[in-house]
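Results of the structural survey
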Amino acid sequence: MRIWAALFWCIATPLWAQESPAQSAQAAAARLDIAGALLQAADSKRDRVAALTETVHAYEAGLVAMRDGLRKAAVRQARIEAQLQSKRVEVGRLLGALQSIGRAPAPLLLLHPSGPLGTARSGMMAADVTPALQAEVEQLRAQLEELATLRTLQESAVDTIAAGLDGAQEARALLSAAISDRTDLPQRFVDDPVQTSLLLASAETLDAFASSLTDTFLTDATPISASAEGNLPLPVQGTILRSYNAADAAGIARPGIIIAARPRAMVTTPLPATILFRGPLLDYGNVVILEPAADVLFIIAGLAEVFGEPGQVLPAGSAIGLLGGEQPNVDAILTQSDGAGGGNATQTLYLEVRDGQSPVDPASWFALE
């Protein structure tokens, strides 16, 4: 129970709330440690699919946080090194003065060639200079200590990231197997492969296929709460690459949005929903069509792997597939942490929402900002 509470705290606590880049990287490493503990505990959970889904989420969040933490640490390290380099002469003089004072015999420090008045004046000057000198020393010490911490973090990041990547890959494989073996989901209708094949053969557009699908497999889906509209999380963690009805480079506009995400990212359903269709469709690649409520469809396309079977009723947050691409290796992640962190969102997911047989702006259902 403590592991799940810690996971919730880590996910709910944004990295920008940390005090320093070093603490951000350390917090990210802690997230990956928690994800590893969740993976070990998943076998003992009653709902193994839900436990593994949370584990994959934890690994994804931890790896994203690790990239961000290392990027911030690299930027901070470069800044400190630049500051020290710019103060190289000044720091050298400061260290030289401290060494000279440290080597001088104590009685000589209390005397002045001009006599008692000079000694008093030099004492007053030393009293004025000492606080500023001490402040410089403390600042230099703090910078050197922070620089050492950042270098240690980067050295240990290789093992941390490698363990996180391996754990994420294992969690995805176990999740796929657990979903295949699952038998406890309610079944709203029984899929007819022949009828579905006929619909696929006759469909020339996504619009026509979706309309035929809902006419063929009518369901008794429950209404969606009004509070959910406009507040749903995206099916995958990513950023909006192309907005509703925006044309692509070829001038083709689709009535949906395109989300840029990282390779092998997990895709989930934001609401309890019935799977109406899963599989290849036209030029959309692998497609999952969900019905969260009567006359409402979520069309999610571009997956490399799809989970579940038509007719199954999925709980909210259930995994419905994975994006494609190759999971980056440790060197690639460390390279991305040099400040160019946006280059790793190389996969895309298409999301279309249909209400009453007509496409609508997904912003009316999902929190796109």
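Conventions we followed
- Residues numbered from 1 in each chain as written.
- Predicted model: local features only at pLDDT ≥ 70, side-chain atom pairs only at ≥ 80, totals over all residues.
- Heavy atoms only, no water.
- pLDDT = per-residue confidence, 0-100.
- Helix = DSSP H or I, 4+ residues; strand = E, 2+ residues; numbered from the N terminus.
- Contact = heavy atoms within 4.5 Å.
- Buried < 20%, exposed > 50% of the residue type's maximum accessible area, 1.4 Å probe, protein only.
- Salt bridge = Lys/Arg side-chain N within 4 Å of Asp/Glu carboxyl O.

On to the confidence of the model for the chain, then. Residues with a pLDDT of 70 or more make up 76% of the chain, whose mean pLDDT is 78. Across the chain, the element-wise mean pLDDT spans from 45 in helix 1 (residues 2-12) up to 95 in strand 3 (residues 266-268). Contacts of residues 1-18 to residues separated by more than four positions or lying in other chains number 27 contacts, the stretch itself having pLDDT below 50.

For Leu282, which is not glycine, the phi dihedral falls at a positive 50°. Note that Leu282 resides in the loop between strand 4 (273-280) and strand 5 (286-293). Positive phi, normally seen in glycine, also occurs at Asp295, with a value near 70°. Among the secondary structure elements, Asp295 is positioned in the loop between strand 5 and strand 6 (296-303).

Quick look at the environment of Ile258 now. Mapped onto the fold, Ile258 is located in strand 2 (residues 257-261). Relative accessible area serves as the criterion here: at 18%, Ile258 is assigned to the buried category. With 43 residues separating them in the primary sequence, Ile258 and Ala301 have C-alpha atoms 9.5 Å apart. For Ile258, the residues in contact, after removing those within four places along its chain, are Thr239, Ile240, Leu241, Arg242, Thr348, Leu349 and Tyr350.

This part takes up the pattern of salt bridges. Across all of its chains, the model carries nine salt bridges by this definition. Between Asp68 and Lys72 there is a salt bridge, with its nearest N and O atoms 3.2 Å apart. Of this pair, Asp68 and Lys72 both sit in helix 3 (residues 48-86), four residues apart, roughly one helical turn. By relative accessible area, Lys72 is classed as partly exposed at 23%. Between Asp184 and Arg182 there is a salt bridge; the shortest N-O distance is 2.8 Å. Of the residues examined, Asp184 reaches a relative accessible area of 53% and is grouped as exposed. Its relative accessible area of 18% is what places Arg182 among the buried residues.

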